[in-house]
Amino acid sequence: MDTFCAGCGRKVQEMKKITVCGSLRFQKEMMEMAEKLELCGNCVITPIYPVRADKADYTDKEIEMFDKMHREKIKMSDAILVVNVAHYIGSSTKKEIAFAQALNKEILYYTDLVSVMEEKADS
């Protein structure tokens, strides 16, 4: 049975597992894009959003574990989505991109996807 994108109605060629990467300051954009990608038939893996008020409330071991688990998410994925609002990519995200490239993962960029979606909306 064919699957169709709930957002645009196009036939989904192949489901991808996509891990979202980027600065947590872009949490809203990450979740909006994750929703769009899932509605198009992809399995989207999002980062953990710290619940403590300040990053300083976490121990170095806890932060190290978050980083390790995020790398594991990248390993499981077919691709990563870099949420690079206004083309911003921080140092941690650059490391995640390099890690994904070393594993031959597809790299998708938020700014590229937004441009494509805007073009389709205009046509």
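Calculation rules
- Residues numbered from 1 in each chain as written.
- Predicted model: local features only at pLDDT ≥ 70, side-chain atom pairs only at ≥ 80, totals over all residues.
- Heavy atoms only, no water.
- Helix = DSSP H or I, 4+ residues; strand = E, 2+ residues; numbered from the N terminus.
- Buried < 20%, exposed > 50% of the residue type's maximum accessible area, 1.4 Å probe, protein only.
- Lys, Arg positive; Asp, Glu negative; His and termini not counted.
- Salt bridge = Lys/Arg side-chain N within 4 Å of Asp/Glu carboxyl O.
- Contact = heavy atoms within 4.5 Å.
- Core = buried A, V, L, I, M, F, W, Y, C linked by side-chain atoms within 4.5 Å.
- Pairing = 2+ DSSP bridges.
- Right-handed = clockwise from strand over helix to strand, strands pointing away.

## What to know about the side chain of Glu96
The topology assignment puts Glu96 in helix H3 (residues 91-102). Of the side chains bearing the opposite charge, Arg71 lies closest to the buried Glu96, which forms no salt bridge; the N-O distance is 7.6 Å. Each residue touching Glu96, except ones within four places of it in the same chain, is listed here: Cys21, Gly22, His70, Ile74 and Ile80.

## Here's the deal with the nonpolar core
By size, the foremost hydrophobic cluster in this structure holds 15 residues, and its most contacted members are Ile18, Val20, Leu37, Leu81, Val83 and Tyr110. Mapped by element, the contributors of at least two residues to this core are strand E1 (17-22), helix H1 (27-39) and strand E3 (79-83). Considering every element that reaches this core, the biggest residue donor is H1, with four residues. When neighbours within four sequence positions are excluded, Leu81 is seen to be in contact with Ile18, Thr19, Val20, Cys21, Met33, Leu37, Leu108, Tyr109, Tyr110 and Leu113. Ranked by size, the runner-up nonpolar core spans seven residues in total, among them Cys21, Ile80, Val82 and Ile107.

## Things to note about the pairing of E1
Of all six residues in E1, five are buried, a share of seventy percent or more. The sheet contact formed by E1 and strand E2 (residues 43-45) spans three bridges and is parallel. Across the sheet, the residue bridging to Thr19 is Ile45, located in E2. Handedness of the crossover is the feature at issue here: the chain leaves E1, passes through H1, returns alongside E2, and the resulting connection is right-handed. Examined bridge by bridge, E1 and E3 share five bridges and lie parallel to one another. Bridge assignment links Gly22 to a residue of E3, and that residue is Val83.

## A short note on the side chain of Lys73
Structurally, Lys73 can be placed in helix H2 (residues 60-76). Among buried Asp, Glu, Lys and Arg side chains, Lys73 stands out as unpaired, with Glu96 the closest opposite charge at 9.5 Å. In contact with Lys73, other than residues within four places in its own chain, are Thr19, Ile45, Thr46, Pro47 and Ile48.

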